[in-house]
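Architecture and fold: a report
Each chain is listed here by its residues.
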Amino acid sequence: MILIFRYSMREKIAMIIKLRLEYIIPYINRWPEAMAILADPVNVSTSIKSLALLVDEIAYLSGDRSTDHNWYIQRGVLTGVFTSTELYMLSDRSENFKDTWSFLERRLDDMIKFDQKIDGVVGTGMSYLSMFSGMFSKGGNEDQYDEEFHNEHEEGEDLDEYDTLKHQPGNTDQQPKQTEQPDSKSGNSNKNL
């Protein structure tokens, strides 16, 4: 019995994918035919669902419990890793599929690099998104969101553009304009707030 909890997420993913791909080794000579059947337009919805369930299980068993944008990113990347390794395995003639397992390791290294880059990009984007969605959905205090926004960014970061955009005409943080409405009795206009 393998005590899988002692391994990193990357190692768990590698072990799970390798275990799953080892199941097709006895059928490797006929596996391209099976893949062709799954790629038939009649079967595409079933094969996509099966692949999505498989990748979800791999992610879950490896310890992924994300419930945000990372859920989609992780599964999308794992789909690419699994399918590319499976396709590579079909043409691998090395002893015990040694080249396939090396290919899998390289794809997992690429996955880690990709996840790190995505986290940086999405993390920044998500902080902007949460600030703006909070302003509009909660109807809250804009100054509170301004403070949160400025606190989330490093000191010295150029926020002049944000401050300039915030104070453009038509923005809700400005005082309402006084409007003139005619007095119904005299026809004179009164200024109302």
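So, here is what we can say about the structure in this document. Fair warning: this is a prediction, and the values are worked out from it, not measured in the lab. (Residues numbered from 1 in each chain as written. Predicted model: local features only at pLDDT ≥ 70, side-chain atom pairs only at ≥ 80, totals over all residues. Heavy atoms only, no water.)

Attention now goes to the overall build of the chain. On a plain count of helices and strands, the chain comes out with 7 helices and 2 strands. When the helices and strands of the chain are read in sequence order from the N terminus, they spell out α-α-α-α-α-α-α-β-β. Across the 193 residues in the chain, those meeting the buried criterion constitute 26%. A separation of at least 24 residues holds for 52% of the contacts in the chain among residues at least 6 apart in sequence. (Helix = DSSP H or I, 4+ residues; strand = E, 2+ residues; numbered from the N terminus. Buried < 20%, exposed > 50% of the residue type's maximum accessible area, 1.4 Å probe, protein only. Contact = heavy atoms within 4.5 Å.)

Here we come to the layout of surface pockets. Estimates place the volume of the largest pocket at around 370 Å³. Lining the largest pocket are 15 residues, and of these M35, L38, S47, L51 and E86 lie nearest its centre. Elements represented by at least two residues in the lining of the largest pocket include exactly α2 (31-39), α3 (44-61) and α4 (69-91). Residue composition of the lining of the largest pocket, by class: 10 nonpolar, 3 polar and 2 charged. (1 Å grid on protein atoms, 1.4 Å probe; cavity = no way out; pocket = protein on both sides within 12 Å on 5 of 7 lines; lining within 4 Å. Points joined across faces, edges and corners; volume = space filled by probe spheres on them. Nonpolar A, V, L, I, M, F, W, Y, C, P; charged D, E, K, R; others polar.)

To continue, consider the side chain of D64. As for its position among the elements, D64 is in the loop between α3 and α4. A polar side-chain atom of D64 sits 3.0 Å from a polar atom in the side chain of S66. One polar contact links D64 to R75, side chain to side chain, over a distance of 2.5 Å. Beyond its immediate stretch of four places on either side in the chain, D64 contacts M9, A59, Q74 and R75. (Polar contact = N/O pair within 3.5 Å; in protein donor to acceptor, adjacent residues only side chain to side chain.)

Attention shifts here to the packing of helix α1 (residues 9-22) against α3. Closest axis-to-axis distance for the α1/α3 pair is 9 Å, and the angle between their directions is 140°. With respect to α3, the axis of α1 lies oblique. Relative to α3, the crossing made by α1 is right-handed. Here α1 contributes K12, I13, I16, I17 and R20 to the contact with α3, which in turn contributes L54, I58 and L61. Looking at side-chain class alone, the contact of α1 with α3 contains 6 nonpolar, no polar and 2 charged residues. (Axes fitted to C-alpha atoms, helices over the stretch in contact; angles between N-to-C directions. Parallel < 35°, antiparallel > 145°, perpendicular 65-115°, else oblique. Left-handed = near helix turned anticlockwise from the far one by under 90°.)

This next bit is on α4. The end-to-end C-alpha separation of α4 is 35 Å, in line with the 33 Å expected for 23 residues at 1.5 Å each. All buried positions along α4 are accounted for by I73, Q74, R75, V77, L78, V81, F82, T85, E86, M89 and L90. (Expected span 1.5 Å × (residues − 1).)

As a further point, take the packing of aromatic side chains. Evaluated as defined, the whole model comprises 2 aromatic pairs. Between the aromatic rings of W71 and Y72, the centroid separation amounts to 5.0 Å while the plane-to-plane angle is 75°, which identifies the pairing as edge-to-face. By relative accessible area, which is 62% here, Y72 ends up exposed. The interplanar angle of 10° and the centroid separation of 4.4 Å between the aromatic rings of Y88 and F103 together place this pair among those described as stacked. Pair noted here: Y88 is in helix α4 and F103 is in helix α5 (residues 98-138), with a separation of 15 residues, a long-range link. R65 extends its terminal NZ or CZ atom over the ring of Y60, reaching a point 3.8 Å from the ring centre. Directly above the aromatic system of F103 lies the positively charged group of R107, at a separation of 4.6 Å from the ring centroid. (Phe/Tyr/Trp six-rings, centres within 6.5 Å; stacked < 30°, edge-to-face > 60°. Lys NZ or Arg CZ within 6 Å of the ring centre and 35° of its normal.)

A separate point is the nonpolar core. The biggest cluster of nonpolar side chains holds 24 residues, and the ones touching the most others in it are I17 and L78. Secondary-structure elements contributing two or more residues to this core are α1, α2, α3, α4 and α5. Ranked by the residues each element gives to this core, the list is headed by α4, at 7 residues. In this structure L78 touches I13, I17, V55, I58, A59 and M111, once residues within four positions along its chain are discounted. (Core = buried A, V, L, I, M, F, W, Y, C linked by side-chain atoms within 4.5 Å.)

For the structure on display, the rule yields 6 salt bridges. Ionic pairing is found between D109 and R10, a salt bridge with its closest N-O pair at 2.8 Å. Within this pair, whereas D109 is found in helix α5, its partner R10 is found in helix α1, the two being separated by 99 residues in sequence. Two residues, R75 and D56, come together in a salt bridge whose shortest N-O distance is 2.6 Å. Taken as a pair, R75 in helix α4 and D56 in helix α3 lie far apart in primary sequence, 19 residues in all. (Salt bridge = Lys/Arg side-chain N within 4 Å of Asp/Glu carboxyl O.)

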